Amino acid sequence: MTAIARSPALLAPILAALALSGCALQRSHARRSLHYARYRLAHPKPAVECGAEGDLSFCRYRPKGLEEDHESTVYFLHYASGDAKSAGRLGIANAFYRHYRKAGLRPPRMISVSYGSHWLFSDRPGRRQVVPTSRFLDETLPRLERRFGGSPKRFLWGMSQGGYNALQLMLARPGDWQAAALSCPALYSVDPFASEPDALAERTDAPEPSVRDGMALFNTRLADSRTWRSEEPIGRVRAAAALPPFLIQANLRDEFGFIEGALTLAE
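Residues numbered from 1 in each chain as written. Predicted model: local features only at pLDDT ≥ 70, side-chain atom pairs only at ≥ 80, totals over all residues. Heavy atoms only, no water.

## Observations concerning the nonpolar core
Ranked by internal contacts, the top residues of the largest apolar core, which has 48 residues, are Val113, Phe136, Phe218, Phe246 and Leu265. Residue contributions to this core peak at six residues, all from helix α6 (residues 161-172). Those residues in contact with Leu265 that sit more than four places away from it in its chain are Leu167, Leu182, Leu187, Ile234, Val237, Phe246 and Ile248. In terms of nonpolar packing, the next biggest core, distinct from the first, is built from 23 residues, Leu66, Phe76, Ala93 and Met110 among them. (Core = buried A, V, L, I, M, F, W, Y, C linked by side-chain atoms within 4.5 Å. Buried < 20%, exposed > 50% of the residue type's maximum accessible area, 1.4 Å probe, protein only. Helix = DSSP H or I, 4+ residues; strand = E, 2+ residues; numbered from the N terminus. Contact = heavy atoms within 4.5 Å.)

## Structural notes on the packing of helix α7 (residues 197-204) against helix α8 (residues 208-219)
Axes are the key here: two packed helices are described by the angle between their axes and the distance separating the axes. Closest axis-to-axis distance for the α7/α8 pair is 8 Å, and the angle between their directions is 120 degrees. Considered as vectors, α7 and α8 are oriented oblique to each other. Remark: the crossing between α7 and α8 carries right-handed chirality. Contacts from Pro197, Asp198, Leu200 and Ala201 in α7 reach Glu208, Val211, Arg212 and Met215 in α8. In the contact of α7 with α8, the residues fall into five nonpolar, no polar and three charged. (Axes fitted to C-alpha atoms, helices over the stretch in contact; angles between N-to-C directions. Parallel < 35°, antiparallel > 145°, perpendicular 65-115°, else oblique. Left-handed = near helix turned anticlockwise from the far one by under 90°. Nonpolar A, V, L, I, M, F, W, Y, C, P; charged D, E, K, R; others polar.)

## Quick look at helix α11 (residues 258-266)
When you tally the buried positions in α11, you get seven out of nine residues, the bulk of the element. Phe258, Ile259, Glu260, Gly261, Ala262, Thr264 and Leu265 are the residues of α11 that are buried. Contact partners of the buried residues in α11: α6, β9 (179-183), α7, α8, α10 (233-239) and β10 (246-249).

Have a look at this one:
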C-alpha cells in the first residue's frame, strides 16, 4: 500500500526512490535475506564514511559512478535494531542509487543517523532511549552540515521506527524539510499505554506477540500515556496547518499492526 499526501508530481520520483520496500524488514528472516540480496546487487556498493560522537553515530554515503546533487540531502533514520550502517548493509543504498542511475538523475547526498539500536525523538524526558527532538534539529543537524556541507533542500527517509522519528522531525519544523518518505512507519492509531495488544492483533491479523513488541517500542520508552497523546503523529498531522509532501509505504500484512496507523495517517 502506498499513499502520497499533498505531494506535487515533481516530487514523486524522489519520494518513490526514498521508500524502497522497508516493509521487507517485517518478514521472515529467509524472505528478508532473499529480498535484500537483489538490492545489494542493484548497484556497486557505495563508499561510506562513518563517525561517532557520544551516543550519536552517522554515516555519509557516496555512490560510485554517479555525480551527486549537492543542492539536496536525504537524512536516513533506521528501523529498530538497526544502526547508521543499515542502509549500506542491507543494500538499500545500492537500490537507491540504481533508481537515479536508471532515471539519468543526480542523487541527493545521503546521511544516516543513529542514537543506538532503539530510540525515539520526543519533546519530553522519557524512561530510556529517548532523544530530544531539539537536540537533533539544533545540534546534530548543524554539526553534520558543517562536516559534510549543507544544502537548501533537505529530505527525510525513515524506516519503521525511523518513520515515526521522521514524522516527529517533520512536525517539529515543517519548514526545514522539502519532503519525507515513510517506509512501514511505526504508527499506532491507539494509545500503546492503554490498549490491549490482542485486540489490535485481531483487527490487523497480526501476531499478538509482535504487536506487543511494537507497542513496547513506545510504552517502555516514552514517559507515559499523556506524553503519547500529546506527541503521537497522527493527531498532530490532522491539526497541522501545512506540511511538506510525504509518502507512506506500508505492508497490509505488517506483523506489528502498524498498518492500522499507516492507513489512518493516509486518510
